[in-house]
Amino acid sequence: MALAVHKYDAVVIGAGGAGMRCSLQLARAGLRVAVLSKVFPTRSHTVAAQGGIGASLGNMDEDNWHYHFYDTVKGSDWLGDQDAIEFMCREAPKVVYELEHMGMPFDRNPDGTIYQRPFGGHSANYGEKPVPRACAAADRTGHAMLHTLYQQNVKSNTTFFVEWMALDIIRDAEGDVVGVTALEMETGEMAIFHAKCVLFATGGAGRIFAASTNAFINTGDGLGMAARAGIPLEDMEFWQFHPTGVHNAGVLLTEGCRGEGAILRNKDGERFMERYAPKLKDLAPRDFVSRCMDQEIKEGRGCGPNGDYIALDLTHLGAETIMKRLPSVHEIGKNFANVDVIKEPIPVVPTIHYQMGGIPTSIHGQVVVPKGDNPASVINGLYAIGECSCVSVHGANRLGTNSLLDLLVFGRAAGNHLIATALSSKAFKPLPANAADYSLSRVAKLDSSTGGEYPQDVANDLRKSMQLHAGVFRTQKTMDEGVVQVLAIAERAENLSLKDKSKVFNTARIEALEVANLMEAAKATMVSAAARHESRGAHTVDDYGDTAEHPLGRNDDTWLKHTLWFSEGNRLAYKPVNMKPLTVDSIPLAKRTF
Amino acid sequence: MAETITKRTFEIYRYNPDDGAKPTMKTYEVELDGSERMLLDALMKLKKQDDSISFRRSCREGVCGSDAMNINGKNGLACLTNMLTLPQKITLRPLPGLPVVRDLIVDMSQFFKQYHSIKPYVVNETVPPEKERLQSQEDRDQLNGLYECILCACCSTSCPSFWWNPDKFVGPAGLLAAYRFVADSRDLDTESRLDNLEDPYRLFRCHTIMNCVDVCPKGLNPTRAIGKLKELLVKRAA
């Protein structure tokens, strides 16, 4: 079958914050760039980000990038690479100012500068006290940012392929990436995108869990494509639980609530975070706060008839502040919890929110894999940016506001790197003869399937299993059981059956194709988690508790290293953490207290 | 939470160009256990029963704008429509006035074409300062009620003027966006933005029917924004 072939200098997969910041850079430089997205660009999940973008503008209190750098390293539980973290924190003010110049509707201070609010783990003077660093547009920062980036791409004539799902990476005999296969959802037909460079900006895989703040589209498509193409996934055991997901709904309430002064209370009304984190209190990093909440619930101090949630109290902020700074939180309370947050506390629980791991990259966004003695050998023609990537700036735990920052900094950096390496003057490498065979066979298998399992039943079993075996508190036993279960579910996913074989906008067919990606992300998570015998950041294992030798269960002698999971044979490898920043002194290892 | 099983009736517009059949309304009985807070939750359950039913969805919290549809005769987002507010029988149709691709999925090209036609981006070709362009709090407040649009198209597809002239009338969503940029103190393109709308159709086809205000799931008021634009044009002519 002869497939249509589209030819572009660069093909960006995903039109969220990272993808559109990158495509903007490329389009402005006059490159031929196409952006593929499963949804219309402004429906990408960046739209749901609420609280802010981290940057040490110092508009409201003294701040500088060194403090931001320190907070991010400490927040990452020292698993983040300090060169990448320095790069991100130094670039932060610049990318925020640029976004403002593009028309981003930031809130303002009386002097006309960008409004900033405090956020978890962000401190002044190396942990001394919270500092307002989150540049915010009310509690709709992600929405405002995504729309601004889309608008600028419209201005720069970026070509969008809307409602196209990328299926697989095309690599040539030398292993270089020369394009992708993709499916147009409206027609159900496949096509080839032949490119000098493919950039993944496909977001996270939060939908591998049953309870998640993530959108339905977050199925880890980039991770699946990478894993199937033999590329390892890094640090996938690290998943962030956001402290304040609405109980029983999963919908997120921004950390900006606590940034504006909201308080977490147990059933006795106690502000328990004062006990655990005397300095930062409710604004300690997310992994820390989530664990404290779980601890309160476990020890019988949870709220409600079943004692299974914590109360987020905004009532003392007053109607005016809430309606001005947190209007969406007010709306969400009303819609998803029947609670007027002005008048009463809202029930919350730690909820899966963000994937710290992903496709390993350099600080330019180039995908890097181990080859011989080199732990980071570049794969020609492939970049990854944003949540699908692991650069690694978030390490074992991301700080709030650093995700939107990550999208802007590395989206821009990847674009600049392509421009600097003169992509437009490079020749296209030829497509291999069998470029689309693998994708065609995957789709043909589904289209001719009979008697297999219903894709969503298998996906739901996976989500339940992940929730059970890779939750806030993990034990070695549950993780080991999880590996067995998840691998068994992945086997079942090899034999899916599609009832409706029609082509035109067949969403069941799309969802079935997504299942393959969910499976890779879940296997990576479960296998990497069970192998890491320590507690670090979001990976907290009961078996590895606080000891004199390993404070808080963190074992730097053995485990100060990045995990690399390969799909083939579920093989694991490791690579060192880069403790050396670009220009400043390293932040030395220390016990994490707040 | 209630655990009682209730049966709800869904009547859903079905159309699949692949099967060659004409569009029909198909009736479904769905058992709900009370955990389906929103219409989208119930729809997901229904899709388990018949996975050929197609509709768009993503964030499930009313910020991405994917799951707009016509719910018992009124446009809205499935993810923000509480089941308790709906009668026993729920009738779902695609957004009116746009070509149907399949089932509840419409072709939104015309809607986005109108959005793009108003130059939806801040125009300011002066050299930016090293830091942010300053904007007073009062100036920033002018953007409230405008920038929050999620482009779900509930408003434009509830507007008779848009049904009749989707190619010529910008529609409430596009006009709300047009005013968002006029209202931005950082934008220097007001004159050409007004030129762009000075036309018997593009702006003046709005007859203040206000369906847009009635259906907006984000509580925005396109009619007010349109009024402001008309005012500016009148002032300019005077």
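Residues numbered from 1 in each chain as written. Chains lettered and ligands numbered in written order. Predicted model: local features only at pLDDT ≥ 70, side-chain atom pairs only at ≥ 80, totals over all residues. Heavy atoms only, no water.

Peer 1: Explain the side chain of Glu148 of chain B residue by residue, including any values.
Peer 2: Examined against the element boundaries, Glu148 of chain B turns out to sit in the loop between helix 3 (137–141) and helix 4 (160–164). A distance of 2.8 Å separates a polar side-chain atom of Glu148 of chain B from the backbone nitrogen of Gly145 of chain B. There is a polar contact of 2.8 Å between the side chain of Glu148 of chain B and the backbone nitrogen of Leu146 of chain B. Contacts of Glu148 of chain B, omitting those with residues within four sequence positions, involve Arg140 and His143 of chain A together with Leu143, Lys218 and Leu220 of chain B. (Helix = DSSP H or I, 4+ residues; strand = E, 2+ residues; numbered from the N terminus. Polar contact = N/O pair within 3.5 Å; in protein donor to acceptor, adjacent residues only side chain to side chain. Contact = heavy atoms within 4.5 Å.)

Peer 1: Describe the environment of Leu175 of chain B, naming the residues involved and giving the relevant values.
Peer 2: Residues and elements named next belong to chain B. For Leu175, the location among the structural elements is in helix 5 (residues 171–182). The class of Leu175 is buried, set by a relative accessible area of 0%. Residues Leu175 and Gly227, spaced 52 residues apart in sequence, show a C-alpha to C-alpha distance of 10.0 Å. Aside from chain neighbours lying at most four places away, what touches Leu175 is Phe169, Val170, Leu197, Arg202, Leu203, Ile226 and Leu229. (Buried < 20%, exposed > 50% of the residue type's maximum accessible area, 1.4 Å probe, protein only.)

Peer 1: Would you mind going over the interface of chain B and chain A in detail, with residue names and values included?
Peer 2: Every contact between the two is made by 64 residues of chain B and, on the other side, 68 residues of chain A. Broken down residue by residue, the surface that chain B buries against chain A is led by Asp51, Arg60 and Glu132 of chain B, which jointly contribute 13%. Taken together, chain B and chain A are joined by 10 salt bridges. For Glu511 of chain A, the salt bridge is made with Arg57 of chain B, and the minimal N-O distance between the two is 3.3 Å. In this structure, the connection of chain B to chain A is made through 41 residue pairs in polar contact (both at pLDDT 80 or more). When residues of the side of chain B that touches chain A are traced back to their parent elements, those giving at least two are helix 1 (39–49), strand 6 (100–102), helix 2 (109–117), helix 3 and helix 5 of chain B. Tallying contributions element by element places helix 1 of chain B first for the side of chain B that touches chain A, with 5 residues. (Buried area = accessible area lost by both parts, 1.4 Å probe. Salt bridge = Lys/Arg side-chain N within 4 Å of Asp/Glu carboxyl O.)

Peer 1: I'd love a proper account of the nonpolar core, names of residues and values included.
Peer 2: Core analysis: the largest hydrophobic core is formed by 181 residues, its most contacted members being Ile53, Leu199 and Leu314 of chain A together with Phe10 and Leu92 of chain B. A per-element tally of this core places helix 3 (residues 82–101) of chain A first, with 10 residues. If we skip the residues at most four places from it in the chain, Leu92 of chain B touches Phe10, Glu11, Ile12, Tyr13, Met25, Leu39, Leu43, Met69, Asn70, Ile71 and Leu104 of chain B. In this structure, Ala436, Leu446, Ala459 and Trp565 of chain A belong to the second largest nonpolar core, which totals 86 residues. (Core = buried A, V, L, I, M, F, W, Y, C linked by side-chain atoms within 4.5 Å.)

Peer 1: Mind laying out helix 11 (residues 402–420) of chain A, listing which residues take part and the relevant values?
Peer 2: Residues and elements named next belong to chain A. With 19 residues, helix 11 extends 26 Å between its outermost C-alpha atoms, agreeing within 8% with the 27 Å of an ideal straight helix rising 1.5 Å per residue. Within helix 11, 16 of the 19 residues are buried, which leaves the element mostly enclosed by the surrounding structure. Where helix 11 ends, the next residue or the one after it, Ala422, has phi of about 55 degrees, a positive value. (Expected span 1.5 Å × (residues − 1).)

Peer 1: Mind laying out the state of the cysteines, listing which residues take part and the relevant values?
Peer 2: Residue and element names in this part refer to chain A. By the definition in use, this model includes 0 disulfides over all chains. Among the cysteines around Cys257, which has no disulfide bond, Cys303 carries the closest sulfur, lying 16 Å off. Between Cys388, a free cysteine, and Cys390, which holds the nearest cysteine sulfur, the sulfur-to-sulfur gap is 11 Å. Under the relative-accessibility criterion, Cys388 is labelled buried at 0%. (Disulfide = S-S within 2.5 Å.)

Peer 1: Residue-level account of empty space enclosed by the protein, with values.
Peer 2: Residues and elements named next belong to chain A. Applying the stated criterion to the full structure yields 12 cavities of 30 Å³ or more. Counted as a void, the largest cavity has a volume near 720 Å³. Taken together, 49 residues form the lining of the largest cavity, with His45, Thr46, Gly203, Asn218 and Glu387 sitting closest to its centre. At the level of elements, helix 1 (17–28), strand 2 (33–37), strand 7 (164–171), helix 5 (221–228), strand 14 (346–355) and helix 11 are the ones that each hand at least two residues to the lining of the largest cavity. Taken together, the residues that form the lining of the largest cavity break down as 19 nonpolar, 23 polar and 7 charged. (1 Å grid on protein atoms, 1.4 Å probe; cavity = no way out; pocket = protein on both sides within 12 Å on 5 of 7 lines; lining within 4 Å. Points joined across faces, edges and corners; volume = space filled by probe spheres on them. Nonpolar A, V, L, I, M, F, W, Y, C, P; charged D, E, K, R; others polar.)

Peer 1: Could you give an account of the packing of aromatic side chains, with specific residues and numbers?
Peer 2: Residues and elements named next belong to chain A. If you walk through the whole model with that rule in mind, you get 16 aromatic pairs over all chains. A centroid spacing of 5.2 Å and a plane angle of 65 degrees characterise the contact between Phe40 and Tyr150, whose relative ring orientation is edge-to-face. Of this pair, Phe40 sits in the loop between strand 2 and strand 3 (53–54) while Tyr150 sits in helix 4 (residues 141–155), placing them 110 residues apart in sequence. Judged by its relative accessible area of 7%, Phe40 is buried. Residue Tyr150 is classed as buried on the basis of its relative accessible area of 2%. When the ring of Tyr67 is compared with that of Tyr126, the centres are 5.1 Å apart and the planes differ by 85 degrees; the resulting orientation is edge-to-face. Here the residue Tyr67 occupies a position in helix 2 (residues 65–75), and Tyr126 occupies one in the loop between strand 4 (116–124) and strand 5 (129–135), the gap between them amounting to 59 residues. The residue whose ring lies beneath Arg398 is Tyr354, and the NZ or CZ to ring-centre distance is 4.0 Å. Seen from the ring of Trp559, Lys561 lies directly overhead, with NZ or CZ sitting 4.9 Å from the centre. (Phe/Tyr/Trp six-rings, centres within 6.5 Å; stacked < 30°, edge-to-face > 60°. Lys NZ or Arg CZ within 6 Å of the ring centre and 35° of its normal.)

Peer 1: Tell me about the pairing of strand 5 of chain A, and name the residues and values.
Peer 2: Residue and element names in this part refer to chain A. With 5 of 7 residues buried, strand 5 is to be regarded as a mostly interior element. Bridge analysis of strand 3 against strand 5 gives 2 bridges, and the strand direction is antiparallel. Note on strand 5: the bridge partner recorded for Ile53 is Cys135. Bridge count for strand 4 against strand 5 is 5 bridges, and the pairing is antiparallel. When the bridges of strand 5 are listed, Ser123 appears paired with Pro130. Hairpin geometry of strand 4 and strand 5 is characterised by an intervening segment of 4 residues between the two adjacent antiparallel strands and by a positive phi of about 55 degrees at Asn125. (Pairing = 2+ DSSP bridges.)

Peer 1: Give a description of the side chain of Thr157 of chain B that names residues and reports values.
Peer 2: All names here are of chain B. Residue placement: Thr157 occurs in the loop between helix 3 and helix 4. The buried category is assigned to Thr157, whose relative accessible area is 0%. Among the polar contacts made by the side chain of Thr157, one reaches the main-chain carbonyl oxygen of Ala153 at a distance of 2.7 Å. If we skip the residues at most four places from it in the chain, Thr157 touches Asn75, Leu95, Pro96, Leu98, Phe162 and Trp163.

Peer 1: So what's going on with the packing of helix 1 of chain A against helix 4 of chain A? Residues and values would help.
Peer 2: Residue and element names in this part refer to chain A. Following both chains from N to C, one finds helix 1 and helix 4 inclined at 25 degrees, their axes separated by 9 Å at the closest point. Taken together, helix 1 and helix 4 sit at an angle that is classed as roughly parallel. Crossing hand, helix 1 versus helix 4: left-handed. Contacts between helix 1 and helix 4 involve Gly17, Met20, Arg21, Ser23, Leu24 and Arg28 from the first element and Met145, Leu146, Leu149, Tyr150, Gln152 and Asn153 from the second. Of the residues belonging to the contact of helix 1 with helix 4, the class tally is 6 nonpolar, 4 polar and 2 charged. (Axes fitted to C-alpha atoms, helices over the stretch in contact; angles between N-to-C directions. Parallel < 35°, antiparallel > 145°, perpendicular 65-115°, else oblique. Left-handed = near helix turned anticlockwise from the far one by under 90°.)

Peer 1: Would you mind going over the sheet that holds strand 10 (residues 233–234) of chain A in detail, with residue names and values included?
Peer 2: Residue and element names in this part refer to chain A. Strands sit in the order 10-21-22 across an open sheet of 3 strands; the sheet is antiparallel. Strand pairing shows two members of the sheet lacking a second neighbour, strand 10 and strand 22 (571–576), which therefore form its edges. Both strand 21 (residues 561–566) and strand 22 contribute to a ladder of 6 bridges, which runs antiparallel. Looking at the pairing, Trp565 lines up with Leu572 of strand 22. Contacting strand 10, strand 21 and strand 22, helix 15 (residues 507–531) crosses the sheet at an angle of about 135 degrees to strand 21.

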